[in-house]
Amino acid sequence: SMEPTLKTGDYIYTENTSDIQRGDIIVFKAPKNNSESYIKRVVGFPGDTIEVINKTLYINDVALSREEFNIEEKKHLISKKYDGIKLKAFNETQNGKTYTVVTSPSNLFTSNYPKKTIPTGKYFVMGDNRDFSADSRSWGSVPKDNIEGKVRFIYFNSEMENPLQRFGLTAN
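About the cut-offs
- The residue numbering used here restarts from 1 in each chain and proceeds along that chain's sequence as written.
- This being a predicted model, a pLDDT of at least 70 is required before a residue's local features are given, and a value of 80 or more before pairs of side-chain atoms are given or counted; all residues contribute to the totals for chains, interfaces and linings.
- In computing side-chain properties, one takes all heavy atoms of the structure into account and sets aside hydrogens as well as water.
- Each helix corresponds to a stretch of at least 4 residues labelled H or I by DSSP, and each strand to a stretch of at least 2 residues labelled E; elements are numbered beginning at the N terminus.
- The classification of residues rests on relative accessible area computed with a 1.4 Å probe and restricted to protein chains. Under 20% of the type maximum is buried, over 50% is exposed, and intermediate values are partly exposed.
- Here a polar contact is recorded for every N or O atom pair within 3.5 Å, except that within protein the pair must consist of a potential hydrogen donor and a potential acceptor, and residues adjacent in sequence are included only if both atoms are side-chain atoms.
- When checking whether two residues touch, look at their non-hydrogen atoms; a contact exists if any pair is within 4.5 Å.
- Think of a nonpolar core as a cluster: buried Ala, Val, Leu, Ile, Met, Phe, Trp, Tyr and Cys residues, connected wherever their side-chain atoms sit within 4.5 Å.
- Each pair of aromatic rings taken from Phe, Tyr and Trp, with Trp reduced to its six-membered ring, is defined by centres within 6.5 Å and is described as stacked if the planes are under 30 degrees apart, edge-to-face if over 60, and tilted in the remaining cases.
- Pairing between two strands requires that DSSP report at least two bridges joining them.
- For salt bridges, the criterion is a side-chain nitrogen of Lys or Arg within 4 Å of an Asp or Glu carboxyl oxygen.

1. Points about the side chain of Thr56
Alright, step 1. The residue Thr56 is located in strand S5 (residues 56–59) in this model.
Alright, step 2. Looking at Thr56, the relative accessible area reads 16%, which means it is buried.
Alright, step 3. Separated by 3.5 Å, the side chains of Thr56 and Arg66 make a polar contact.
Alright, step 4. Setting aside its immediate chain neighbours within four residues, Thr56 contacts Glu51, Ala63 and Arg66.

In structure tokens:
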């Protein structure tokens, strides 16, 4: 659910920090099952309002800046399980960080998310593969105490012919 930023098989370096910023990718204990760790991008802070309208993310009633580009440019970063599914790719910018998000025009289930205020002490997270991600839209905001660390970089991929091909790529 973090493709194309992270791929299956990526091993990541995380840093324990309380300095979480908008746009950071974090590892955290799942809100409904603390025995599992998840990885998602922070899009909202405590007190923010979050809303999705026609697949566009709004924070405090302002749409995040995003620019569509040809998905073929990053098709090599998308799992083959999405072959045959029409996808759209966008460079989305938040807090000075630009990253790629992917949506599927045919997936109408995730087109909209009602406006909600993020509770005190919690963060709203989403996957970069927006239409194929279980995230805060489905299981709620992440308590600050559940955050295990911030992803800094990828150090290898266990599923690639050259496992070091992605070494040092930053996760934003």
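Past the structure itself, the notes keep going.
2. A short note on unusual backbone geometry
It is generally the case that most residues other than glycine have a negative phi and that most peptide bonds are trans.
Alright, step 1. Residues other than glycine seldom take positive phi values, yet Asp61 does so here, at roughly 70°.
Alright, step 2. Even without being glycine, Asn95 reaches a positive phi, approximately 55°.
Alright, step 3. With respect to the helices and strands, Asn95 occurs in the loop between strand S8 (88–94) and strand S9 (97–103).
Alright, step 4. Owing to a relative accessible area of 45%, Asn95 belongs among the partly exposed residues under this scheme.

3. Remarks on the nonpolar core
Alright, step 1. Of all hydrophobic cores here, the largest spans 13 residues; its most connected members are Ile50, Leu57, Phe124 and Met126.
Alright, step 2. For this core, the secondary-structure elements that each account for two or more residues are strand S4 (49–53), S5, S9 and strand S11 (122–126).
Alright, step 3. When neighbours within four sequence positions are excluded, Phe124 is seen to be in contact with Arg41, Val42, Val43, Gly44, Ile50, Tyr113, Ile118, Ser136, Arg137 and Ser141.
Alright, step 4. Ile20, Ile26, Phe28 and Val142 belong to the second-largest nonpolar core, a separate cluster that totals 10 residues.

4. Here's the deal with the packing of aromatic side chains
Alright, step 1. As enumerated under the stated definition, the model contains five aromatic pairs in all.
Alright, step 2. For the pair Phe28 and Tyr38, a centre-to-centre distance of 6.1 Å together with 80° between the ring planes defines the contact as edge-to-face. Residue Phe28 is located in strand S2 (residues 25–30), and its partner Tyr38 is located in strand S3 (residues 33–44); the two are separated by 10 residues in the primary sequence.
Alright, step 3. Under the relative-accessibility criterion, Phe28 is labelled buried at 0%.
Alright, step 4. With a centroid separation of 5.6 Å and 55° between ring planes, the pair formed by Tyr113 and Phe124 is classed as tilted. Of the two residues, Tyr113 is situated in strand S10 (residues 113–117) and Phe124 in strand S11; the sequence distance between them amounts to 11 residues. Of the two residues, Tyr113 and Phe124, neither departs from the other in class, the shared state being buried.
Alright, step 5. One aromatic cluster in this structure is built from Phe28, Tyr38 and Trp139.

5. Considering the sheet that holds S10
Alright, step 1. Read from one edge to the other, the open sheet built from four strands follows the order S6-S5-S4-S10, with strand pairing classed as antiparallel. The sheet is open, and its two edges are formed by strand S6 (62–63) and S10, each paired on a single side.
Alright, step 2. Both S5 and S6 contribute to a ladder of two bridges, which runs antiparallel. By the bridge assignment, Ile59 is partnered in S6 with Val62.

6. Some details on the pattern of salt bridges
Alright, step 1. Inspection of the entire model under this criterion finds 10 salt bridges.
Alright, step 2. A salt bridge links Asp48 to Arg22; the shortest N-O distance between them is 2.5 Å. Of this pair, Asp48 sits in the loop between S3 and S4 while Arg22 sits in the loop between strand S1 (10–15) and S2, and the two are 26 residues apart along the sequence.
Alright, step 3. Under the relative-accessibility criterion, Asp48 is labelled buried at 6%.

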